[in-house]
Amino acid sequence: MDKTQNNKAWFLVLPVLLVVAFSAVIPLMTVVNYAINDTFGNNQFFWAGLEWFEEMVASSRLHDALGRQILFSAIILAIEVPLGIYIALNMPKKGAWASVCLVLMALPLLIPFNVVGTIWQIFGRVDIGLLGHTLAAIGIDYNYTNDPIDAWATVIVMDVWHWTSLVALLSYAGLQSIPQAYYQAARIDQASRWAVFRYIELPKMQGVLLIAVLLRFMDSFMIYTEPFVLTGGGPGNSTTFLSIDLVKMAIGQFDLGPAAAFSLMYFLVILLVSWVFYTVMTSLDRQESR
Amino acid sequence: MTATRWTPIYLGLAALMAAILALLLWAVPITEEGAREWTGQLIPGFWMAWTFPVALFFWVIASLLILMTLLAIRFPETPRIGVLRIETTRGDRLFISLLGSAFIHLGWLFFIGTPAFWGALILSLVYAAAVFRWV
């Protein structure tokens, strides 16, 4: 069938194209330019070639930050995804309590990142914070400003507190979209609770769960504000994640060249991971529609 | 559209890109000894001090995008499933090639360093050819 297509409408996206070029494409090109030049500000640039990339690729500082970042993302995914599913499964399906639960779950998501950091910063303090003071009273030696393990635990608990709701709400939406007929069929077959979860709920939630994992991965992989406010990357470098390190390098030390090379590599990793997730998601959609 | 109407479009876009490249080459500053300073600023004093290598890099990517757009309009294709077991179109394969090439270059820097850096380019071209053939 031959349809005549009028492609003139494409010209209508020109303004968007210009805005995107000005706000995204040209800045990205600028980062590439920074990455192969040395600069001390004042619009003065000196050619550096691949020097910064060579330095960054071999930099143990970057390797350590990347390692911490991957560990952090892995830990929070391993906690938040199962916990979110568990909460969603136990939330009431209808009635007033369903609305109450939804609002309660949405609350942490509404709090600005720096406020979350501040809340936990004070909450965990041994002198005035409820958590820190209580732990000290029970006799647990807890101090997130001195002890790397305590700092890690606090950052992880903070992220779980802040973001598990997102996984729970997405899973809840996925669960609500399962028609009752599936559950009735399962009851007729006398399926166990586990079998219902494994063969009905989990497959039906697959799509939203992938989105949840993607969102949580991306967010945790570029996390900055909360650990910055809570620990400032310390003690030492123990909670210095990639973006904290990047900002230290770019703005703290004004090493714009290495920082640009660093951020380009960071960008490539994020691009790769997003592409993998996107591909998996779209191929799942296709399988379902077949 | 018929083939005869495509020829002016091809020629026009090719001329445009060639003109841009010529302009960039013309803008490369010349030192006092008369040699071209390839890493010099194209427009002295301009914002961000753009140099020829960066301009060439983006020129190549822009040319690839224009070429692939033309191909996609003239020869629409159906996605196929390759060795990765995912559906890909030509555009997807270009994306995989470019992203993979970036990682190949970084890997070369990590394992070998700057000596024989053109090796990474050759490796990337081989990789891109493989992606377009089998993915």
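Overview of the overall build of chain A
Link 1 in the chain: A count of helical and extended segments in chain A gives twelve helices and two strands.
Link 2 in the chain: What you see in chain A, going N to C, is helices and strands ordered as α-β-β-α-α-α-α-α-α-α-α-α-α-α.
Link 3 in the chain: Along the three orthogonal principal directions, the C-alpha set of chain A runs to about 80 × 75 × 30 Å.
Link 4 in the chain: For chain A, buried positions account for 28% of its 290 residues.
Link 5 in the chain: Within chain A, counting contacts between residues at least 6 apart in sequence, those at least 24 apart form 70% of the total.

Notes on the overall build of chain B
Link 1 in the chain: A tally of helices and strands in chain B yields four helices and two strands.
Link 2 in the chain: Element order for chain B, N to C, with α for helix and β for strand: α-α-β-β-α-α.
Link 3 in the chain: Relative to its length of 135 residues, chain B is extended, with a C-alpha radius of gyration of 19 Å against a globular reference of 14 Å.
Link 4 in the chain: Counting only C-alpha atoms and orienting by the principal axes, one finds that chain B spans roughly 55 × 50 × 25 Å.
Link 5 in the chain: Restricting the contact set of chain B to residue pairs at least 6 apart, pairs at least 24 apart contribute 39%.

Overview of the interface of chain B and chain A
Link 1 in the chain: With 18 residues of chain B in contact, the opposing surface of chain A contributes 21 residues.
Link 2 in the chain: Counting residues per element, the ones that place at least two in the side of chain B that touches chain A are α2 (52-74) and α3 (90-111) of chain B.
Link 3 in the chain: Here the side of chain B that touches chain A gets six residues from one element, more than from any other, and that element is α3 of chain B.
Link 4 in the chain: The class makeup of the residues in the side of chain B that touches chain A is 13 nonpolar, four polar and one charged.

Thoughts on the environment of Pro 82 of chain A
Residues and elements named next belong to chain A.
Link 1 in the chain: With respect to the helices and strands, Pro 82 occurs in helix α3 (residues 60-90).
Link 2 in the chain: The exposure class of Pro 82 is exposed, given the 12 C-beta atoms found within 10 Å.
Link 3 in the chain: Along the sequence, Pro 82 and Ile 149 sit 67 residues apart, while their C-alpha atoms lie 23 Å from each other.

With respect to α3 of chain B
All names here are of chain B.
Link 1 in the chain: Here α3 contains 22 residues, and its C-alpha end-to-end distance of 31 Å stays within 8% of the 32 Å for a straight helix at 1.5 Å per residue.
Link 2 in the chain: When we look at burial in α3, the residues that qualify are Ile 96, Ser 97, Ile 104, Trp 108 and Leu 109.
Link 3 in the chain: A positive phi of about 95° marks Gly 113, the residue just after α3.

Some thoughts on the nonpolar core
Link 1 in the chain: Ranked by size, the top nonpolar core spans 36 residues in total, and within it Ala 35, Phe 53, Met 56, Ala 260, Ala 261 and Phe 262 of chain A carry the most contacts.
Link 2 in the chain: Mapped onto this core, the elements with two or more residues apiece are α1 (14-35), α2 (51-57), α3, α11 (242-252) and α12 (256-289) of chain A together with α2 and α3 of chain B.
Link 3 in the chain: With eight residues, α12 of chain A is the largest single contributor of residues to this core.
Link 4 in the chain: Domain assignment of the residues forming this core places at least three in each of domain 1 (1-76) and domain 2 (78-135) of chain B.
Link 5 in the chain: When residues no more than four places from it in sequence are discounted, the contact partners of Ala 260 of chain A are Val 31, Tyr 34 and Ala 35 of chain A.
Link 6 in the chain: Grouped together as the second largest cluster of nonpolar side chains are eleven residues, Ala 88, Trp 163, Leu 166 and Leu 169 of chain A included.

Here we look at the packing of α12 of chain A against α3 of chain B
Link 1 in the chain: Running from amino to carboxyl end, α12 of chain A crosses α3 of chain B at an angle of 140°, the nearest separation of the two axes being 11 Å. Taken as axis vectors, α12 of chain A and α3 of chain B run oblique relative to one another. Every pair of crossing elements has a handedness; the one defined by α12 of chain A and α3 of chain B is left-handed. Here Met 265, Leu 268, Leu 271, Leu 272 and Trp 275 of chain A of α12 of chain A lie close against α3 of chain B, whose contacting residues are Leu 99, Ala 102, Phe 103 and Leu 106 of chain B.
Link 2 in the chain: Residue composition of the contact of α12 of chain A with α3 of chain B, grouped by class: nine nonpolar, no polar and no charged.

Side note on the confidence of the model for chain B
Link 1 in the chain: When pLDDT is averaged along chain B, the result is 87; 98% of the residues meet or exceed 70.
Link 2 in the chain: Interface confidence in the predicted complex, given as ipTM, is 0.86; pTM for the same model is 0.82.

Notes on unusual backbone geometry
Residue and element names in this part refer to chain A.
Link 1 in the chain: With phi around 55°, Gln 190 is a residue other than glycine that occupies positive phi space.
Link 2 in the chain: Inspection of the secondary structure puts Gln 190 in the loop between α8 (180-188) and α9 (193-221).
Link 3 in the chain: The backbone of Phe 254 sits at a positive phi, close to 55°, despite the residue not being glycine.
Link 4 in the chain: Structurally, the position occupied by Phe 254 is in the loop between α11 and α12.

About the thresholds
- Residues numbered from 1 in each chain as written.
- Chains lettered and ligands numbered in written order.
- Predicted model: local features only at pLDDT ≥ 70, side-chain atom pairs only at ≥ 80, totals over all residues.
- Helix = DSSP H or I, 4+ residues; strand = E, 2+ residues; numbered from the N terminus.
- Buried ≥ 20, exposed ≤ 12 C-beta atoms within 10 Å, placed from the backbone.
- Contact = placed C-beta atoms within 7 Å.
- Rg over C-alpha atoms; globule rule 2.2 N^0.38 Å.
- Nonpolar A, V, L, I, M, F, W, Y, C, P; charged D, E, K, R; others polar.
- Expected span 1.5 Å × (residues − 1).
- Core = buried A, V, L, I, M, F, W, Y, C linked by C-beta atoms within 7 Å.
- Domains from an automatic or database assignment.
- Axes fitted to C-alpha atoms, helices over the stretch in contact; angles between N-to-C directions.
- Parallel < 35°, antiparallel > 145°, perpendicular 65-115°, else oblique.
- Left-handed = near helix turned anticlockwise from the far one by under 90°.
- pLDDT = per-residue confidence, 0-100.

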